[in-house]
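So the chains spell out like this:
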Amino acid sequence: LLLGQALSPAHANDQSCLALVVAALIGHLELCSMMLSQLLHPARADAQDSLALVGAAKGGHLEVCRLLLSQPVHPALADARNSKALKIAAEKGHLEVCR
C-alpha cells in the first residue's frame, strides 16, 4: 500500500531514497526489488547523500548488490563521504561482495 503512494516517480523524494538505502543496508532483497520496480533510481542519494549500493556493500548483502548492479548504477559511484561500495565491502571483510 505505502509503496504505491510514496514511490511513484512524481513523488520520489529524499524519504523514498532513504527507504531504499535502509532496505539495502539491512539486506531486504524483496523490498529493494519492489522499490526499484516503482521506478526509484538506484543511484539517487538520500538526504544524507547515502547510496543504496554502498549500504548493501557495507552490510555484505550480495544479492542486494547484484540487484542494484543490474540497474543503471555504476559500481564506482561514491557518496558524500567518498565511500565506494568496493572499498566499504573490503573494509568490512565481505569477500563475496568484493568479487
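Below or above, wherever it landed, is the structure these notes cover. No experiment lies behind these values; they were computed from the predicted model shown. (Residues numbered from 1 in each chain as written. Predicted model: local features only at pLDDT ≥ 70, side-chain atom pairs only at ≥ 80, totals over all residues. Heavy atoms only, no water.)

Topic: the overall build of the protein chain
Then, in step 1: Scanning the protein chain from terminus to terminus reveals 7 helices and 0 strands.
Then, in step 2: Reading the protein chain from its N end, one meets helices and strands in the order α-α-α-α-α-α-α.
Then, in step 3: When each of the 99 residues of the protein chain is scored for burial, the buried share is 35%.
Then, in step 4: Sequence separation of 24 or more characterises 68% of the internal contacts of the protein chain that already satisfy a separation of 6 or more.
Then, in step 5: Accessible area of the protein chain: about 5700 Å², with a carbon and sulfur share of 58%. (Helix = DSSP H or I, 4+ residues; strand = E, 2+ residues; numbered from the N terminus. Buried < 20%, exposed > 50% of the residue type's maximum accessible area, 1.4 Å probe, protein only. Contact = heavy atoms within 4.5 Å. Areas by Shrake-Rupley, 256 points an atom, 1.4 Å probe, with all protein chains shown as cover.)

Regarding the side chain of Ser83
Then, in step 1: Tracing the backbone through its elements, the reader meets Ser83 in the loop between α5 (62-69) and α6 (85-92).
Then, in step 2: In this view, Ser83 contacts Val54, Leu77, Ala78 and Ile88; residues no more than four positions away in its chain are not counted.

A closer look at the layout of surface pockets
Then, in step 1: In this structure, the largest pocket occupies an estimated 200 Å³ of space.
Then, in step 2: Lining the largest pocket are 13 residues, with Leu53, Cys65, Leu69, Val97 and Cys98 positioned closest to its centre.
Then, in step 3: Listed by contribution, the elements that provide at least two residues to the lining of the largest pocket are α4 (52-59), α5, α6 and α7 (95-98).
Then, in step 4: Here the lining of the largest pocket takes 4 residues from α5, the largest share from any one element. (1 Å grid on protein atoms, 1.4 Å probe; cavity = no way out; pocket = protein on both sides within 12 Å on 5 of 7 lines; lining within 4 Å. Points joined across faces, edges and corners; volume = space filled by probe spheres on them.)

Side note on the packing of helix α3 (residues 29-37) against α5
Then, in step 1: Here α3 crosses α5 at 15°, and the two axes come no closer than 9 Å. Put simply, α3 runs roughly parallel to α5. The two elements α3 and α5 meet at a crossing, and its hand is right-handed. Residues Leu29, Cys32, Ser33 and Leu36 of α3 form the contact with α5, whose participating residues are Glu63, Val64, Leu67 and Leu68. (Axes fitted to C-alpha atoms, helices over the stretch in contact; angles between N-to-C directions. Parallel < 35°, antiparallel > 145°, perpendicular 65-115°, else oblique. Left-handed = near helix turned anticlockwise from the far one by under 90°.)

Quick notes on the environment of Gly59
Then, in step 1: For Gly59, the location among the structural elements is in helix α4.
Then, in step 2: Gly59 gets classed as partly exposed once you look at its relative accessible area, which sits at 27%.
Then, in step 3: When the C-alpha positions of Gly59 and His94 are compared, they lie 8.3 Å apart, and in sequence the two are 35 residues distant.

Here's the deal with α4
Each turn of an α-helix holds 3.6 residues, which means side chains three or four residues apart point in the same direction.
Then, in step 1: Most of α4 sits out of view: 6 of its 8 residues are buried.
Then, in step 2: Of the residues making up α4, those classed as buried are Ala52, Leu53, Val54, Gly55, Ala56 and Ala57.
Then, in step 3: Gly60 sits one or two positions beyond α4 and adopts a positive phi of about 75°.

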